[in-house]
Amino acid sequence: VTDLEELRDRMQRFTTERDWERFHDPKSLVLALVGEVGELSELLQWLPADQVVDLANSEPLRSRLGEELADVLLYLLRLADVLNIHLGDAARQKMLRSEERFPADQVRSVAPLKFEPYT
Ligand SMILES: [Mg+2]
């Protein structure tokens, strides 16, 4: 069992034990996910871009970023589970496609926006 599968199953158990499946339709989960991405964005929005990595290495920002990233991951896992999509497999397939599409020796140091839209 991978870390992702363990977290997926734990989210499933958390939901079932509270009788919250009725609220976890895909639309509601997407909105919850977007809400958490918003909370993550809020932590970074006015920080100078060239200082974010340094600032993120110190408290309290470090802990807050960890919390919001975790919220995003957990809702993403729950959404995939409700849609019967194995997120680990889907991500591995996507990585494989990206590795084939963007051979390192051909695209090194070239910004992705110079390529056709990435889907
Ligand atoms: Mg949150």
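Going by the structure above, here's the rest.
Residues numbered from 1 in each chain as written. Predicted model: local features only at pLDDT ≥ 70, side-chain atom pairs only at ≥ 80, totals over all residues. Heavy atoms only, no water.

### Side note on the overall build of the protein chain
Here is step 1 of the chain: When you go through the protein chain residue by residue, the secondary structure sums to six helices and zero strands.
Here is step 2 of the chain: Taking 14 Å as the expected radius of gyration for a compact globule of 119 residues, we find that the protein chain reaches 18 Å, considerably beyond that expectation.
Here is step 3 of the chain: Counting only C-alpha atoms and orienting by the principal axes, one finds that the protein chain spans roughly 50 × 35 × 25 Å.
Here is step 4 of the chain: A buried classification covers 18% of the 119 residues belonging to the protein chain.
Here is step 5 of the chain: Within the protein chain, contacts between residues at least 6 apart in sequence are counted, and of these 63% link residues at least 24 apart.
Here is step 6 of the chain: Accessible area for the protein chain stands at about 9100 Å²; split by element, carbon and sulfur atoms hold 58% of it.
Here is step 7 of the chain: Side-chain charges in the protein chain split into 15 positive and 23 negative, and the spacing between the mean points of these groups amounts to 3 Å. (Helix = DSSP H or I, 4+ residues; strand = E, 2+ residues; numbered from the N terminus. Rg over C-alpha atoms; globule rule 2.2 N^0.38 Å. Buried < 20%, exposed > 50% of the residue type's maximum accessible area, 1.4 Å probe, protein only. Contact = heavy atoms within 4.5 Å. Areas by Shrake-Rupley, 256 points an atom, 1.4 Å probe, with all protein chains shown as cover. Lys, Arg positive; Asp, Glu negative; His and termini not counted. Charge placed at Lys NZ, Arg CZ, Asp CG, Glu CD.)

### Quick look at the coordination of the magnesium ion
Here is step 1 of the chain: With distances of 2.1 to 2.2 Å, the protein atoms coordinating the magnesium ion are E36 (OE), E39 (OE), E68 (OE) and D71 (OD).
Here is step 2 of the chain: In primary-sequence terms, the residues that donate to the magnesium ion follow E-x2-E-x28-E-x2-D. One end of the pair, E36, is in helix α2 (residues 26–44); the other, D71, is in helix α4 (residues 61–82), and 35 residues separate them in sequence. (Donors = N, O, S within 2.8 Å, 3.2 Å for Na, K, Ca; no water.)

### Section: the environment of G38
Here is step 1 of the chain: As for its placement among the helices and strands, G38 is situated in helix α2.
Here is step 2 of the chain: Looking at G38, the relative accessible area reads 36%, which means it is partly exposed.
Here is step 3 of the chain: It is 22 Å that separates the C-alpha atoms of G38 and R8, two residues lying 30 residues apart in sequence.

### Structural notes on the side chain of R78
Here is step 1 of the chain: Mapped onto the fold, R78 is located in helix α4.
Here is step 2 of the chain: A polar side-chain atom of R78 sits 2.8 Å from a polar atom in the side chain of H24.
Here is step 3 of the chain: Each residue touching R78, except ones within four places of it in the same chain, is listed here: M11, Q12, T15, E21, H24 and L29. (Polar contact = N/O pair within 3.5 Å; in protein donor to acceptor, adjacent residues only side chain to side chain.)

### Concerning the packing of α2 against α4
Each pair of packed helices can be summarised by the angle the axes make with each other and by the distance between the axes.
Here is step 1 of the chain: Two elements in contact, α2 and α4, have axes whose closest approach is 9 Å; the angle formed by their N-to-C orientations is 165°. Here α2 lies roughly antiparallel to α4, going by the angle between them. The way α2 lies across α4 gives a crossing that is left-handed. Facing P26, L29, V30, A32, L33, E36, V37, E39, L40, L43 and L44 of α2, the residues of α4 in contact are L61, R64, L65, E68, L69, D71, V72, Y75, L76, R78, L79 and V82.
Here is step 2 of the chain: Taken together, the residues of the contact of α2 with α4 sort by class into 17 nonpolar, no polar and six charged. (Axes fitted to C-alpha atoms, helices over the stretch in contact; angles between N-to-C directions. Parallel < 35°, antiparallel > 145°, perpendicular 65-115°, else oblique. Left-handed = near helix turned anticlockwise from the far one by under 90°. Nonpolar A, V, L, I, M, F, W, Y, C, P; charged D, E, K, R; others polar.)

### Some thoughts on the packing of aromatic side chains
Here is step 1 of the chain: Counting across every chain of the model gives one aromatic pair.
Here is step 2 of the chain: In this structure, R18 packs its charged tip against the face of F14, placed 3.8 Å from the ring centre. (Phe/Tyr/Trp six-rings, centres within 6.5 Å; stacked < 30°, edge-to-face > 60°. Lys NZ or Arg CZ within 6 Å of the ring centre and 35° of its normal.)

### With respect to helix α1 (residues 3–17)
Here is step 1 of the chain: With 15 residues, α1 should cover 21 Å at 1.5 Å per step; its first-to-last C-alpha distance of 21 Å lies within 8% of that length.
Here is step 2 of the chain: Of the residues one or two after α1, D19 is the one with positive phi, at around 55°. (Expected span 1.5 Å × (residues − 1).)

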